[in-house]
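In case you want the letters, here they are:
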Amino acid sequence: MDVKKIGEFIAYNRKNKKLTQEQLGEKLGVSNKTISRWENGNYMPDLSLLKPLSEELGITLNELLSGEKIESEKVIEQAETSLINTIDYSKQRLEKEHNKISIWIIIIGIISSIAALTIFEAESSWSSIYSIIGMIIFIIGLFRIIKIKSLLKRIGVSIIIFIGIFSIFYLFDYIGVVSRKRPPIYRYITKTEFRESKIITYNNLFYNVYRINADTFNEYYIIDNKKEYTSDTIPISPFNRTISGINNIIKYKNKYVGDNSNLGNLLHDLPLSEYGLTFKIDSKKYGVIINYNTTDWYKNDNLYIEKSLIYNSASIFLLIDNVEYIKYNFSGSSYTITREQFEKDYPNYSEIKINTVNKDKFNQYVEQKMNDYEFIEKQFNLLFN
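As the structure is a prediction and not an experimental result, all values here were calculated from the model.

Caption draft 1: Structural detail: the overall build of the protein. A count of helical and extended segments in the protein gives 16 helices and 8 strands. Taking 385 residues into account, the globule formula puts the C-alpha radius of gyration at 21 Å, and the protein, at 39 Å, lies well above it. Judged by the C-alpha coordinates and their principal axes, the protein covers about 120 × 45 × 35 Å. Every one of the 385 residues in the protein was classed for burial, and the buried ones make up 44%.

See the structure below:
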């Protein structure tokens, strides 16, 4: 069906009847813009308007659908052609509308999935629920467009595409977990426990995420890609392990205390730095004097100050080779420890460093001991009193 030819034929006959587009529209109950679209060949009149339109224009329905005057001897032949063309055009229009609806469904699915990941926090389970719903809506729209006659094949292709799209979202979620240190959006179990600290476990299909010291300054994440830990065996530190752990602070290993920049960076990665500090170096006796902007009893829950001073001393003596003493000043109290005293009285300290720093031994004899309250009380009294 030549829609443009029909449009020109409508315009020609309207003008012959000395009708404006607005006048013809009033007679048919449509706007002049609709008449203009017909005549420009953008749209065909609705099937219900074909007979009234041909009557208003003084032409036969057959001539309207042919877009030209028909000689009497060709009426029957042209009628059959017009009927076939009308059926084909109707099918095309239906398919076009079908595809338009499908595209809108696809767009809604994409927007829903992306919005779910941006509007909701990763902590919220609604993020994964709405993103999966969005993916399903997207697949429904795609299923309507796929040109495969076999229903089973269409379903199979749709499932494969869904798995592919989900895998992409899953990968981006994992990248976000690793780079931004946040809970995974796609998880099937979230479990909260209170032990030495608040621990939240997020079980994912391929990995687990542990959020230690949740909702505190010392919160940190452990991403267990091999699923080798449980909530009972996961390494737990009272400090932010990502910042204060040996895997991070070992980069400050130095022979000399005189490197102010290196020492300053180390101190700001160690516990208690959250309260602010200044420091100075005793270059004659090779000491470090640290002034904290807090009192030693402020927020000292669960022996936090005692744990920090023991941990910091172990770290500084281990990483700065020529430090002989450390003095910690708080507003109202001071604590001093010497290398000789620490190496003599701290259990197994000599095993941590033989030729190089043994990170596993550090975790075993220092980090893991920070949750042993009896050990902390005993060692603090021995080392600092």
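Structure shown, so let's carry the discussion forward.
Caption draft 2: Broad picture of the sheet that holds strand β2 (residues 198–203). Across the sheet, 4 strands lie side by side as β1-β2-β3-β4; this open sheet has antiparallel pairing. Looking at which strands have only one partner, the edges of the open sheet turn out to be β1 (189–194) and β4 (220–224). Direction aside, the axes of adjacent strands within the sheet are offset by 15 degrees on average. Where β2 and strand β3 (residues 208–212) come together, 4 bridges link them in antiparallel fashion. In the sheet register, Y202 faces β3, and the bridge partner there is V209.

Caption draft 3: View of the pairing of β1. In the sheet, β1 pairs with β2 via 6 bridges, with the strands oriented antiparallel. Within β2, the position partnered with K191 by the bridge is T201. Counting the residues in the hairpin turn of β1 and β2 gives 3 residues.

Caption draft 4: Here's a closer look at a nonpolar patch on the surface. A cluster of nonpolar residues, L151, L152, I155, I159 and I163, forms a patch on the protein surface that exposes about 500 Å² of accessible area. Take L152: it is sitting in helix α8 (residues 151–180). Exposure remark for L152: the relative accessible area of 70% places this residue in the exposed category.

Caption draft 5: Region of interest: the pairing of strand β8 (residues 333–338). Both strand β7 (residues 325–330) and β8 contribute to a ladder of 6 bridges, which runs antiparallel. Opposite Y328, over in β8, you have Y335 as the bridge partner.

Reading the values: rules and limits
Residues numbered from 1 in each chain as written. Predicted model: local features only at pLDDT ≥ 70, side-chain atom pairs only at ≥ 80, totals over all residues. Heavy atoms only, no water. Helix = DSSP H or I, 4+ residues; strand = E, 2+ residues; numbered from the N terminus. Rg over C-alpha atoms; globule rule 2.2 N^0.38 Å. Buried < 20%, exposed > 50% of the residue type's maximum accessible area, 1.4 Å probe, protein only. Pairing = 2+ DSSP bridges. Axes fitted to C-alpha atoms, helices over the stretch in contact; angles between N-to-C directions. Patch = residues over 30% accessible without salt bridge, like charges linked within 9 Å, V, L, I, M, F, W, Y side chains within 5 Å. Areas by Shrake-Rupley, 256 points an atom, 1.4 Å probe, with all protein chains shown as cover. Salt bridge = Lys/Arg side-chain N within 4 Å of Asp/Glu carboxyl O.

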